[in-house]
Amino acid sequence: MTTRYAALLRGINVGGKKKVPMGELRALLAELGHSDIATYLQSGNVVFSSAAGDERALAAGIEEAVEQTFGFRVDILVRDGAYLRAVADACPFPAHTLQGKQLHVTFLSEQLAPERLASVDAAALLPEEFRLGDRVMYLYTPEGLGRSKLAEVLGRPSLFKGVVATSRNWNTVVKLVEMTRD
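Section: the sheet that holds strand E7 (residues 136–140)
The strands making up a sheet are joined through hydrogen bonds of the backbone, oriented either antiparallel or parallel.
In step 1: The strand order E6-E7-E5-E8 describes an open sheet built from four strands, whose pairing is antiparallel. Strands at the two margins of the open sheet, each flanked by one partner only, are strand E6 (129–132) and strand E8 (165–169). Here the strands of the sheet are splayed against their neighbours by 20 degrees on average, with no regard to which way each runs.
In step 2: Note that strand E5 (residues 103–108) and E8 share five bridges and pair antiparallel. Pairing of Leu108 across the sheet is with Ala165, part of E8.
In step 3: Strands E5 and E7 of the sheet are contacted by helix H3 (residues 81–89), whose axis makes an angle of about 135 degrees with E5.
In step 4: Across the sheet, helix H6 (residues 170–179) is in contact with E5 and E8; its angle to E8 comes to roughly 90 degrees.

As structure tokens, this is what we get:
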């Protein structure tokens, strides 16, 4: 039995750095034995089917192949379609009333303990807000992530030390849920 997965590549095709053409990425996943491969946008979202059931092993295999093919290391998180649906369903913000640029999900390689974020003065950042979920952080940024003081604060390396984090706007999350439906 195969499962639908999304691989989230961190920090590719941004500002001309770490270029990974989507056609080559699809071919690379096919070489790894995955099927039903599709990419979304140029920002490192690839959906595929695989009989392998270990998300960490899938991510490690793709990371290694990307490094061998493109000559640089990229952190990758792999999540199955059921998990992505659960993340969308658990959104603590009224996603249906917001623009995609106002709501983001930061996917995390492991669950963050709330204490790690204790130094963040949430009240000083209002109306921007964040909430932790299951290996994710939901970000509400009314003016978008590019102008966000919250994003600036959360960008401190000490907050996420040892944790891979990669963000997607809500429109992308919804599309990945749709693309990973069995």
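After that view of the structure, there is still more to cover.
Description of the pairing of E6
In step 1: As judged from the four bridges shared by E6 and E7, these two strands associate in the antiparallel manner. When the bridges of E7 are listed, Arg131 appears paired with Tyr138.

Brief notes about the pairing of strand E4 (residues 76–80)
Residues in a regular strand point their side chains to alternate faces of the sheet.
In step 1: Among the five residues in E4, four count as buried, and that is most of the element.
In step 2: Pairing between strand E1 (residues 3–9) and E4: five bridges, direction antiparallel. What sits directly across from Leu8, in E4, is Leu77.

Parameters and conventions
- Residues numbered from 1 in each chain as written.
- Predicted model: local features only at pLDDT ≥ 70, side-chain atom pairs only at ≥ 80, totals over all residues.
- Heavy atoms only, no water.
- Pairing = 2+ DSSP bridges.
- Helix = DSSP H or I, 4+ residues; strand = E, 2+ residues; numbered from the N terminus.
- Axes fitted to C-alpha atoms, helices over the stretch in contact; angles between N-to-C directions.
- Contact = heavy atoms within 4.5 Å.
- Buried < 20%, exposed > 50% of the residue type's maximum accessible area, 1.4 Å probe, protein only.

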